[in-house]
Amino acid sequence: MSKVTKEQYKFALARVEALLPLVDDNTPANDNNSVELSVMSDIVIAYEKEHYPIEKPTTAELIELYLEEKGMTQKQLAAEIGISPSRVNDYIAGRSEPTLKIARLLCRILNIPPALMLGF
């Protein structure tokens, strides 16, 4: 697919919005609305991938997010890892990066997928 222009993107986005109420899981794949929705969605996705890429979360954001998800405090995490609460705060504030050993413990304790922690 060639580069999608802003005008094409806006048109496709409007068509997607108009078609969504007309297509559901029971609509045949060869139905005109279903086919058009698929094509318009591909145009929207192509444009958004190029113009609005999703950044990978930082180590700091990952720690903060998974801490919240687990319902743990920085102090509890620090005690479990065996480091000072101020060190955990340094990681969350982005002032320092955890060592590989600490990153491994963070992944295990907070259930962070290691690939995420490594930025993949």
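Analysis parameters
Residues numbered from 1 in each chain as written. Predicted model: local features only at pLDDT ≥ 70, side-chain atom pairs only at ≥ 80, totals over all residues. Heavy atoms only, no water. Helix = DSSP H or I, 4+ residues; strand = E, 2+ residues; numbered from the N terminus. Rg over C-alpha atoms; globule rule 2.2 N^0.38 Å. Buried < 20%, exposed > 50% of the residue type's maximum accessible area, 1.4 Å probe, protein only. Contact = heavy atoms within 4.5 Å. Areas by Shrake-Rupley, 256 points an atom, 1.4 Å probe, with all protein chains shown as cover. Lys, Arg positive; Asp, Glu negative; His and termini not counted. Charge placed at Lys NZ, Arg CZ, Asp CG, Glu CD. Axes fitted to C-alpha atoms, helices over the stretch in contact; angles between N-to-C directions. Parallel < 35°, antiparallel > 145°, perpendicular 65-115°, else oblique. Left-handed = near helix turned anticlockwise from the far one by under 90°. Nonpolar A, V, L, I, M, F, W, Y, C, P; charged D, E, K, R; others polar. pLDDT = per-residue confidence, 0-100. Patch = residues over 30% accessible without salt bridge, like charges linked within 9 Å, V, L, I, M, F, W, Y side chains within 5 Å. Salt bridge = Lys/Arg side-chain N within 4 Å of Asp/Glu carboxyl O. Phe/Tyr/Trp six-rings, centres within 6.5 Å; stacked < 30°, edge-to-face > 60°.

(A) Inspection of the overall build of the chain at higher detail. If you tally the helices and strands in the chain, you get 7 helices and 0 strands. Its helices and strands taken in sequence order, the chain reads α-α-α-α-α-α-α from the N to the C terminus. Relative to the 2.2 N^0.38 estimate, which gives 14 Å for 120 residues, the radius of gyration of the chain is 22 Å and therefore markedly larger than a compact globule would have. Dimensions of the chain, computed from C-alpha atoms along their principal axes, come out at roughly 60 × 30 × 20 Å. Taking all 120 residues of the chain together, the buried fraction comes to 32%. Nonlocal contacts in the chain, meaning residues at least 24 apart in sequence, comprise 59% of its contacts between residues at least 6 apart. Within the structure as shown, the chain displays about 8,400 Å² of accessible surface, and the carbon and sulfur contribution to it stands at 55%. Averaging the coordinates of the 13 positive side-chain charges in the chain and doing the same for the 17 negative ones gives two points 12 Å apart.

(B) Structural context of unusual backbone geometry. Residue Asn111 is not a glycine yet carries a positive backbone phi of 60°. Within the fold, Asn111 resides in the loop between helix H6 (100-110) and helix H7 (114-117).

(C) Structural context of the packing of helix H4 (residues 74-81) against H6. Between H4 and H6, the shortest axis-to-axis distance is 10 Å and the interhelical angle comes to 120°. By the angle between their axes, H4 is oblique relative to H6. H4 and H6 meet at a crossing whose hand is right-handed. Contacts between H4 and H6 involve Leu77, Glu80 and Ile81 from the first element and Ile102, Leu105, Leu106, Ile109 and Leu110 from the second. When the residues that make up the contact of H4 with H6 are grouped by side-chain class, the tally is 7 nonpolar, no polar and 1 charged.

(D) Fine view of the confidence of the model for the chain. Per-residue pLDDT for the chain has a mean of 92; in total, 98% of the residues score no lower than 70. Mean pLDDT across the elements of the chain bottoms out in H7 (88) and peaks in H4 (96).

(E) Here's a closer look at a nonpolar patch on the surface. Taken together, the side chains of Leu100, Leu118 and Phe120 present a nonpolar region at the surface, about 410 Å² in accessible area. With respect to the secondary-structure elements, Leu118 resides in the segment after H7.

(F) Spotlight on the environment of Glu48. With respect to the helices, strands and loops of the structure, Glu48 is situated in helix H2 (residues 32-51). Along the chain, Glu48 and Tyr9 lie 39 residues apart, while their C-alpha atoms are 8.6 Å from each other. Residues contacting Glu48, with those up to four places away along its chain left out, are Tyr9 and Pro53.

(G) How the structure looks around the environment of Ile81. With respect to the element layout, Ile81 can be found in helix H4. The exposure class assigned to Ile81 is buried, which follows from its relative accessible area of 11%. Sequence-distant contacts of Ile81, that is, excluding residues within four places in its chain, are made with Ile102, Leu105, Leu106 and Ile109.

(H) Just the packing of aromatic side chains, in detail. If you walk through the whole model with that rule in mind, you get 2 aromatic pairs. With 4.2 Å between their ring centres and 20° between their planes, Tyr9 and Tyr47 make a pair best called stacked. Pair noted here: Tyr9 is in helix H1 (residues 6-19) and Tyr47 is in helix H2, with a separation of 38 residues, a long-range link. Of the two residues, Tyr9 and Tyr47, neither departs from the other in class, the shared state being buried. Each member of the aromatic cluster is reached from another via a ring pair, and the members are Tyr9, Tyr47 and Tyr52.

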